[in-house]
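Residue-level structural notes
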Amino acid sequence: MNFGVREQDGSKQFHTIEGHIRRRASSKPRVTNMLRNRPRRAQHASSGSALTEPKTIAATAMRLSAIPVAPKTAEGALAEIGKIAQQALNEQSRLSEIAGVGTWTFTPATDVLTSSPAWANVLAQAGVEPIESGEEFRRVCHPEDAASAREALQATTEGGAPGAFTYRVRARSGRWISLRSHIYAEALPDGRKVLLGISQNITELVEARDAAVASEHRSELARNEAEALAKRLKVALHAANAAVVEINYDTGTVWMSPQFVEVVGWTLTFQEARQPVWPFVHPDDRAIVEAGVKSSLAGAAPEPVEVRIRQLDGTERWIRICTEIQKADTGRWRRTISLILDIDERKRQELALIAAEQVAQAATETKSRFLANMSHEIRTPLNGVLGMAQAMAADPLPEVQRARLTVIRESGDALLEILNDILDLSKIEAGRLELEAVEYDLEELVRNTCASFAATAEEKGLTFNLVSDGAIGCYRGDPTRVRQVLSNLISNAIKFTDCGEVRVTVQPSEMGFALTVRDSGAGIEPEALARIFSKFTQADASTTRKHGGTGLGLSISRDLVEMMGGEITVDSQLGVGSTFRASVAAECIERAPTAQVQADRRDILPSTDVRILVAEDNAVNQLVIKTLLMQAGVAPTIVANGGEAVEAWQAEDWSVILMDVQMPVMDGARATARIRQLERETGRKRTPIVGLSANAMPHQTREYIAAGMDACVAKPIEVRSLLDALEAALAQEDVSDVEALNK
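Small disclaimer: the values here were computed from a predicted structure and weren't measured.

1. Some details on the overall build of the protein
- Across its full length, the protein carries 24 helices and 25 strands.
- In the protein, which comprises 743 residues, the proportion classed as buried is 40%.
- Looking at the protein alone, contacts between residues at least 24 apart form 60% of all its contacts between residues at least 6 apart.
- When the accessible area of the protein is evaluated, it comes to approximately 40400 Å², of which 54% is carbon and sulfur surface.

Right, dumping it as C-alpha cells:
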C-alpha cells in the first residue's frame with residue numbers, strides 16, 4: 001500500500017510502508033513481514049465527503065516516518081509504531097461511524113462475510129441485524145435489489161474489475177436502509193477469490209432525494225392539473241356559453257374572460273363594473289339586481305339572479321348571474337367574481353312552457369266549470385225523473401206498471417253513475433278532488449255495498465259471497481270513495497261473469513286493509529291488461545258493444561286508491577277469471593260510541609206540527625220535494641229563492657229549512673248566512689238548515705257548512721237520504737229545546 005511523505009528538500013516522494021520501515025528499521029525484518037501480511041483495505045471510491053481508509057493509513061505512515069529509530073532500539077520503535085497505528089485505527093473507526101462508512105470482506109467459496117467493527121456499528125445503529133454470510137445478506141436485501149447486487153458481485157468476482165452498486169436492506173423495524181458499496185477482488189494464495197468492499201449508509205441522502213423528486217413530481221402534477229383545469233374551464237365556459245368577470249376593489253381593476261363580450265355584448269370599465277347594476281341590465285329587471293346587492297351588503301350570501309340584458313344592437317337576452325364576494329375583516333368588499341351564464345334559449349323555453357301550462361290550466365278550469373254547469377243542468381231533470389219514480393214506487397201499482405217504473409229508475413241510476421264518473425274524472429285531472437277523513441265501520445260499509453248487488457247477481461244465477469278475514473272495526477278515511485271503488489269492482493265482476501261465482505274478500509294489510517274481488521268470468525287477455533286502467537278503455541271493442549260503459553270505472557278507481565295511499569292490481573287468466581285487489585291506507589281506530597241523539601233519532605217521526613220551509617227555484621224540483629214530503633206526512637211551504645226564504649223565516653218559526661244552493665236573487669249560501677246573522681242579532685233560536693245541491697262534493701259541502709248549513713243532501717234526491725237528514729235536523733232541534741229548558 002502506497003503513501004506519500006515529504007522529504008527534507010521539500011519534494012514529495014511515494015514509498016511503500018514496507019520500504020520506509022525497512023530503511024528505518026532494517027535490523028528487524030519481521031516488521032516487514034508483519035506489515036506485508038496486513039490485509040489490504042479497499043480505497044473508498046464514493047464521491048461524497050466520507051473519509052477513505054487508505055488516506056487514514058497514509059496519514060498514519062507520515063506520522064511513523066517522523067519517528068527517529070536507531071538500529072539498536074528496533075523493539076522499542078515497533079512498540080511505538082503499534083501504539084500510533086492503534087490510535088490511527090481508533091480515529092479511523094470513529095470517523096467511519098460518523099460518516100456511516102465501513103469495510104467488509106466476502107469469500108464466495110465459503111459464503112463468509114466479515115464486517116469491520118466500524119461497519120458493524122453502522123448497521124447496528126441503522127437497526128439492521130448483523131450480516132455474517134451471503135445467505136443472511138440475501139435474506140435482508142430488498143427483492144427488487146437482489147438481482148443487481150448479485151450481478152455486481154459476480155462480475156467483480158469473475159472479471160476482477162472494481163464495481164459499485166446501490167441496494168436496500170431491511171431493518172428490524174421494517175424500514176428499508178439504503179446502502180452504497182464499492183468492491184474489488186483479490187486472489188488468495190490458494191487461488192480462491194475474496195471480495196473487499198467499502199460501504200456507506202446513504203439512507204438520509206436517498207430519502208432526501210426521493211422527497212425532492214416526489215415534491216417535484218407533485219409540483220409537476222399540480223402544474224399539469226392547473227393547466228388541464230384551465231383548459232377544461234375554458235371548454236366548459238365555451239360549451240355553456242358562459243363568461244367570468246372579476247372586479248378587484250383593492251387595485252381598481254376589472255378582468256373579463258374572452259367569452260364576456262360574446263355573451264353580454266359589452267365591455268366594462270372599472271367604474272361601470274363597480275356600480276350596483278351594470279348598464280346592460282334591462283330596465284324592468286334592475287330592481288331584481290338592486291335587491292340582491294342590497295341583501296349582500298346587509299351580510300346575506302348572494303343568490304343567483306336571472307335577468308334580461310340589452311346588447312348594443314338592441315337584442316334582448318336572458319342571463320343568469322352567480323356572484324362570490326370576498327370581504328376584508330372590516331366587511332369591505334375586496335373582490336367579486338361573477339359567473340354569467342347565457343340562459344336565453346332555456347329561459348324562453350321555460351316561459352313558453354309556463355304560458356302553455358297556464359293555457360292548459362285555464363282550459364282545464366273551463367272544462368271543469370262546463371262539466372259542473374252541465375252536471376247541474378242534467379241533474380235537475382234527472383232529479384225529477386228519479387224523484388217522481390221514487391214517489392210512484394210508494395203508491396200501489398199494477399205489476400206491469402211497477403216493472404216499467406223499475407226500468408225507468410234503473411236507467412236513471414245508470415245515467416247518474418255515468419255523470420258522476422265524468423265529474424270525478426274532471427276533478428281528478430284538475431287536482432280538485434278532495435278526500436274526507438271521517439270514522440266509518442268497514443264491515444258495515446262492505447256488507448251494505450255487497451247487499452246492493454245481491455239481487456243483480458241472483459238474477460244472473462251467480463254465487464255471490466262475502467268473506468271477512470279479520471278486517472273488522474272502525475277506520476278513519478273517506479267511506480264514500482271506498483264504497484265507490486268497491487262498487488266499481490263488484491259491478492265489473494258481475495257484468496263480465498256469465499256463470500260461476502263472484503267472491504268479495506276483506507282482509508287487513510300493512511297499510512290498512514285490502515278489498516279483493518274475484519270472479520270466474522272470461523278473463524282478460526295479457527295485452528289488454530296493460531291498458532285496463534286507462535281512461536275510456538275497456539278490454540276490447542266487442543266488450544264495449546256487448547256490455548256498454550264509459551271505460552272510466554277502473555281508471556277512476558285506480559286514481560282514488562292511489563289518492564288514499566294504496567294501489568290496485570289485477571291478475572287474470574283467459575277462461576279462468578280475474579282478481580282485482582285494492583289496498584287502502586287507513587288508520588284502524590277504536591269503535592266510537594254512538595251519541596244518544598243519533599241512537600234515538602230513528603224514533604223521531606214526522607208529525608203534523610213539523611213545519612218545513614223549502615227554498616227551490618225549479619218547478620220540477622219543487623214538485624218532487626213536495627211529493628216526497630207529502631208521502632212522509634209533511635206539507636211543506638215552498639218559496640222560489642233565497643230572498644223569499646229569509647223573509648219567510650223572519651215572518652214565522654220553522655222546524656227545518658230545505659235550502660237549494662243555486663237560486664236567483666239570493667243563492668242558498670248567502671240566504672243561510674243572512675239567517676244566521678239575524679239569529680245572532682235578535683237572539684232567536686237556531687233553525688236547522690239542510691242544503692239541497694247537485695254540487696255536493698266534500699269541499700263544496702264544507703263551504704255550505706261554513707256558510708251556516710247543518711247538512712247537505714245531493715241531487716238527484718234519494719228519499720232515504722232526505723228523510724235521514726230531516727230526522728237528524730229535527731233531533732238537533734229537540735236537543736236544543738231540552739238545553740233551553742235546562743237553562
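So much for the structure itself; the text now carries on.
2. Considering the packing of aromatic side chains
- Evaluated as defined, the whole model comprises nine aromatic pairs.
- Taken together, Phe260, Trp266, Trp278 and Phe280 form an aromatic cluster joined through their ring pairs.
- One Lys or Arg, Arg611, reaches over the ring of Trp654 and ends 4.1 Å from the middle of that ring.
- Here the guanidinium or amino end of Arg684 rests over the ring plane of Trp649, the centre of that ring lying 3.9 Å away.

3. Things to note about unusual backbone geometry
- Following Lys715, the chain continues to Pro716 via a peptide bond in cis, the omega torsion being -5°.
- Phi is positive for Asp111, which is not a glycine, with a value near 60°.
- For Asp111, the position within the fold is in the loop between strand 3 (101–107) and strand 4 (112–115).
- Of note in this structure, Val665 is not a glycine but carries a positive phi near 70°.
- In this structure, Val665 sits in the loop between strand 23 (656–660) and helix 22 (668–682).
- Accessibility expressed as a relative area gives 67% for Val665, which makes it exposed.

4. A few points about the sheet that holds strand 13 (residues 438–441)
- Overall, antiparallel pairing links the three strands, which are arranged 13-15-20 in an open sheet. In the strand order of this sheet, the two ends are held by strand 13 and strand 20 (587–589), each with one partner. Strand-to-strand twist in this sheet, taken as the mean axis angle between neighbours without regard to direction, amounts to 40°.
- Two strands pair when backbone bridges link them, and strand 15 (residues 474–477) and strand 20 are joined in this way by three bridges, in the antiparallel orientation. Note on strand 20: the bridge partner recorded for Tyr475 is Cys588.

5. Quick word on the sheet that holds strand 6 (residues 176–187)
- Sheet architecture is open: five strands sit in the order 4-3-7-6-5, paired in antiparallel fashion. Bordering the open sheet on either side are strand 4 and strand 5 (163–170), each of which pairs with just one other strand. Averaged over all neighbouring strand pairs, the angle between strand axes comes to 30°, with direction disregarded.
- Pairing of strand 5 with strand 6, which is carried by eight bridges, proceeds in the antiparallel orientation. Along strand 6, the bridge assignment pairs Thr166 with Arg180.
- The strands that helix 5 (residues 117–125) touches are strand 3, strand 4, strand 6 and strand 7 (193–201); relative to strand 3, the one it contacts most, it runs at about 110°.

6. A look at the pairing of strand 10 (residues 305–310)
- In strand 10, alternate side chains face the same way, and those of Val305, Val307 and Ile309 are buried while those of Glu306, Arg308 and Arg310 on the opposite face are not.
- Pairing of strand 10 with strand 11 (residues 316–327) involves six bridges; the strand directions are antiparallel. By the bridge assignment for strand 11, Arg308 is matched with Trp318.

7. Side note on the side chain of Thr627
- Take Thr627: it is sitting in helix 20 (residues 619–631).
- At 2.7 Å, the side chain of Thr627 and the backbone oxygen of Leu623 are in polar contact.
- Excluding anything up to four places from it in sequence, Thr627 contacts Met388 and Ala391.

8. Description of helix 7 (residues 143–159)
- Between its terminal C-alpha atoms helix 7 stretches 25 Å, which fits the 24 Å expected from 17 residues at 1.5 Å a residue.
- Within the sequence span of helix 7, burial applies to Asp145, Ala149, Ala152, Leu153, Thr156 and Thr157. The arc enclosing the buried residues of helix 7, seen along the axis, measures out at 125°, which places them on a common side. Along helix 7, exposed side chains directed more than 90 degrees from the buried face belong to Pro143, Glu144, Arg150, Glu151, Glu158 and Gly159.
- Residues of helix 7 that are buried in the fold lie against strand 3, helix 6 (134–140), strand 5, strand 6 and strand 7.
- Trailing helix 7 by a residue or two, Gly160 shows a phi angle of about 85°, which is positive.

9. Brief notes about the nonpolar core
- Counting 43 residues, the largest nonpolar core has Val446, Ile490 and Phe513 as the members making the most contacts within it.
- Where this core is concerned, the elements lending two or more residues are helix 13 (399–430), helix 14 (442–459), helix 15 (479–495), strand 16 (501–508), strand 17 (512–519), helix 18 (553–563) and strand 19 (577–585).
- In terms of residues, this core owes the most to one element, helix 15, which gives seven residues.
- Setting aside its immediate chain neighbours within four residues, Phe513 contacts Tyr440, Leu442, Ala471, Tyr475, Val482, Gln507, Pro508, Ala582, Ser583, Val584 and Ala586.
- By size, the runner-up hydrophobic cluster in this structure holds 24 residues, among which are Val122, Ala149, Ile183 and Ala185.

10. Looking at the pattern of salt bridges
- In this structure the tally under the stated criterion is 38 salt bridges.
- Note that Arg503 and Glu501 form a salt bridge whose closest N and O atoms lie 2.9 Å from each other.
- Its relative accessible area of 26% is what places Arg503 among the partly exposed residues.
- Taking the shortest distance from any N to any O, the salt bridge between Arg720 and Glu727 comes out at 3.8 Å.
- The exposure class of Arg720 is partly exposed, given its relative accessible area of 43%.
- Assessed through its relative accessible area of 9%, Glu727 is described here as buried.
- One network of salt bridges, in which partners are shared, links Glu306, Arg320, Arg346, Lys347 and Glu350.

What counts and how
Residues numbered from 1 in each chain as written. Predicted model: local features only at pLDDT ≥ 70, side-chain atom pairs only at ≥ 80, totals over all residues. Heavy atoms only, no water. Helix = DSSP H or I, 4+ residues; strand = E, 2+ residues; numbered from the N terminus. Buried < 20%, exposed > 50% of the residue type's maximum accessible area, 1.4 Å probe, protein only. Contact = heavy atoms within 4.5 Å. Areas by Shrake-Rupley, 256 points an atom, 1.4 Å probe, with all protein chains shown as cover. Phe/Tyr/Trp six-rings, centres within 6.5 Å; stacked < 30°, edge-to-face > 60°. Lys NZ or Arg CZ within 6 Å of the ring centre and 35° of its normal. Pairing = 2+ DSSP bridges. Axes fitted to C-alpha atoms, helices over the stretch in contact; angles between N-to-C directions. Polar contact = N/O pair within 3.5 Å; in protein donor to acceptor, adjacent residues only side chain to side chain. Expected span 1.5 Å × (residues − 1). Arc of directions from axis to C-beta. Core = buried A, V, L, I, M, F, W, Y, C linked by side-chain atoms within 4.5 Å. Salt bridge = Lys/Arg side-chain N within 4 Å of Asp/Glu carboxyl O.

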